Each structure stands twice: as structure tokens, then as C-alpha cells.
Amino acid sequence: MPIVNINEMLKKALEEHYAVLHANVVNYDMAKAVILAAQEVKSPIIVAVSEKALKGFVSPKDFVELVKNIVYQSHITVPVAMHLDHGEYETVISAMESGFTSVMYDGSKLPIKTNIQNTNEIVSLAHAKNISVECEVGTITGKKEDQGAEGQLANVMDAQLMAKTGIDALAAGIGNLHGEYPQDWQGLNLVRLKEIHQALPHLPLVLHGGSGIPNDQVRQAIELGVCKFNVGTELLTAFSGVLADYFIQGKHQVKHGYDPRLYIPQGLDQVKKVVIQKIMFLGAHNKA
């Protein structure tokens, strides 16, 4: 069965120094474009939905059933993980009960003691169902959030404490951001990443906010234990850019040009191209 958790795909990626793409999606069509792209280049893929975007799927179970339909109806053979991104405690529990194969519990804004306590509970419940768990130390923010453009840098000791809960992957704040990066962004703190990787050499590390990080920094991060690479904004801008060009060029004014069936597939084709480019760059092609 191609529907799996993230454990084996990340273990292999960590050993072989490449990264698996985590693609955040917002609807069925985008999820299909991502999965078909992975199938085309024979790559494992993590299809993810954030707690906020999950509302567009009616319910967690709705997301699970839609992804399953894509996998089976499109005869997908590559490993596909269904992942909840940045879920609060109750949402994580709901996702696990609904059939997600992987969850990220984000308690990074809580005191570390509370974050770890909640993580322990989630890991126990998840592993009983063969569900993988990712958690976060430090904070990964957007540039407009109150904690500032850099967020809070992950503490090595906190990372070690979190690892003791038995999590399957760790997201560490190292200056990475969600959304678009500001011009004055200082780059990834690769020194801190190296410290965390040296302390926890066998734990898969996750790089959130992958849209806009320079390629050379991504390559260095992969060599320092990152084997899950999250992208969301770049896929949305690829889709919206195609649609913007369509309307700017006045194609909607041509006969029947207003029909979404004419322009939405063009946007999805661009999403698919970007996903393939990312997978190739990360070195995950032909790794399924």
C-alpha cells in the first residue's frame, strides 16, 4: 500500500543525504497535482495540510478520503504520507482519529515543559496507531508576527529533551520563516543546526518555510540532518501567478474564457512543474 507514515522515507533520506518534499495543499486539485508530480519522478511525497487550511476540506476525515481517492484512482505507486502541519493538541488528536498517517504537534509557543508533556501524550497515542509524530522547538514564525522576523532560535538542550519523547522528526527554529522572506533576512543559522544535528545525529530534522531559502543554504542544511523540506507559499504563488497572467492578458474575455475549467488546470500544471523541480533539487527523485 503506497499510503504510509514518514518514518521509512525520512530514515532513508537521512542516511543518503537528500530531503523528501512536504507540500502544503489547500484543496483536492492541488493535492492531486502534487501526488502526480511525485509519481512522475518516482519520489516519496508528504502531502500536508495546515490546521487553518484543513477547514477547506470540511473535516480531517474528508482530507484523508480525498487523498486516498487520488492514490487509488490514479494508480499511484510511490509512498504517500498524509500529514497534519502545525496542529494544536485537539486538532492533532482529531487528525489521528481520522486516518492521518503523520502529524505535527506544534507546542512551540508553550513553555518547554508543557510542550514536552503534551508531546509525550501524543507520541504514545500516535505510535499505537503507527502514526509518525513531528514536533517543534524554537519558533518558526511569519515575518509579520510579534516574535520578530527571526522567531526564537531552537535551544540544543530543548531539542534533546524533545527527542527523548520518542518523536520521529524534529522541526527546529533556525531563522527560517513561513511565507515570503523580507529583504533584510539574515539567512539560516547553520551553526545552530549543526549543533542540533551533532547532538541528535539519528533524528530526522525538518526545515519549515522552504519557499525562498537560497539553494546553497538548503544544500548545507541537508548535509546537517535536514531530510524533510516544507514548501507551501511557493506552490500558491505558482498557481496564482498563472491565473493572474491569464486575466491580465484578457483571456477571460475571449469566448468562454471565463470558464474556470480553462484556467485552473493551467495553474495546477505550474504547481506540478514546481513540485518536480523541488523534488529533483532535493535529490528525492527515483528514491521511491
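Residues numbered from 1 in each chain as written. Predicted model: local features only at pLDDT ≥ 70, side-chain atom pairs only at ≥ 80, totals over all residues. Heavy atoms only, no water.

Give a detailed account of the overall build of the chain, specifying residues and quantitative values.
A tally of regular secondary structure across the chain gives 10 helices and 9 strands. Against the globule reference of 19 Å for 288 residues, the chain gives a C-alpha radius of gyration of 19 Å, in line with a compact fold. Seen through its principal axes, the chain has C-alpha atoms that stretch 65 × 45 × 35 Å. In the chain, buried positions account for 52% of the 288 residues. (Helix = DSSP H or I, 4+ residues; strand = E, 2+ residues; numbered from the N terminus. Rg over C-alpha atoms; globule rule 2.2 N^0.38 Å. Buried < 20%, exposed > 50% of the residue type's maximum accessible area, 1.4 Å probe, protein only.)

I'd like a description of the pattern of salt bridges, backed by residues and values.
If you walk through the whole model with that rule in mind, you get 6 salt bridges. The salt bridge partner of E16 is K287, with a shortest N-O separation of 2.9 Å. Here E16 is found in helix α1 (residues 7–16), whereas its partner K287 is found in the segment after α10 (260–282), with 271 residues between them in sequence. A residue is classified by how much of its surface remains accessible, and K287, at 24% relative accessible area, is partly exposed. Among the salt bridges present, the one from K272 reaches E40, with a minimum N-O distance of 3.2 Å. You can see K272 sitting in helix α10 and its partner E40 sitting in helix α2 (residues 28–40), a full 232 residues away along the chain. (Salt bridge = Lys/Arg side-chain N within 4 Å of Asp/Glu carboxyl O.)

Describe in detail the layout of surface pockets, supporting the description with residues and values.
Roughly 960 Å³ of volume is contained in the largest pocket. Lining the largest pocket we find 34 residues, and of these S50, K52, D85, H86 and H178 sit closest to its centre. Counting only elements with at least two residues in the lining of the largest pocket, the list comes to β3 (45–50), β4 (80–87), β9 (226–231) and α9 (233–248). If you tally residues by element for the lining of the largest pocket, the top one is β4, at 3 residues. Along the lines of polarity and charge, the residues of the lining of the largest pocket split into 11 nonpolar, 16 polar and 7 charged. (1 Å grid on protein atoms, 1.4 Å probe; cavity = no way out; pocket = protein on both sides within 12 Å on 5 of 7 lines; lining within 4 Å. Points joined across faces, edges and corners; volume = space filled by probe spheres on them. Nonpolar A, V, L, I, M, F, W, Y, C, P; charged D, E, K, R; others polar.)

Can you lay out the packing of aromatic side chains for me, pointing to particular residues and giving the numbers?
Throughout the structure, instances matching the rule amount to 6 aromatic pairs. Between Y89 and Y105, the ring centres sit 6.3 Å apart and the planes meet at 90°, which makes this aromatic pair edge-to-face. Residue Y89 is found in helix α4 (residues 89–98), and its partner Y105 is found in strand β5 (residues 102–105); the two are separated by 16 residues along the sequence. Assessed through its relative accessible area of 22%, Y89 is described here as partly exposed. Owing to a relative accessible area of 2%, Y105 belongs among the buried residues under this scheme. Aromatic pair Y246 and Y263: ring centres 5.1 Å apart, planes at 50°, arrangement tilted. (Phe/Tyr/Trp six-rings, centres within 6.5 Å; stacked < 30°, edge-to-face > 60°.)

Please give an account of empty space enclosed by the protein that cites residues and values.
One pass over the full model with this rule turns up 1 cavity of 30 Å³ or more. When its volume is computed, the largest cavity comes out at roughly 30 Å³. Residue assignment for the lining of the largest cavity shows that the elements contributing at least two residues are β7 (169–172) and β8 (205–207). For the lining of the largest cavity, the element with the highest residue contribution is β8, accounting for 3 residues. Among the residues forming the lining of the largest cavity, the class breakdown is 8 nonpolar, no polar and no charged.

Account for the packing of α2 against α10, naming residues and giving values.
Interaxial distance between α2 and α10 falls to 8 Å at its minimum, and their mutual angle equals 40°. Judged by the inter-axis angle, α2 sits oblique to α10. Like other packed secondary-structure pairs, α2 and α10 cross with a definite hand, here right-handed. Along the contact surface, α2 presents D29, M30, A33, V34, L36, A37, A38 and E40, while α10 presents L268, V271, K272, V275, I276 and I279. Residues belonging to the contact of α2 with α10 are distributed by class as follows: 11 nonpolar, no polar and 3 charged. (Axes fitted to C-alpha atoms, helices over the stretch in contact; angles between N-to-C directions. Parallel < 35°, antiparallel > 145°, perpendicular 65-115°, else oblique. Left-handed = near helix turned anticlockwise from the far one by under 90°. Contact = heavy atoms within 4.5 Å.)

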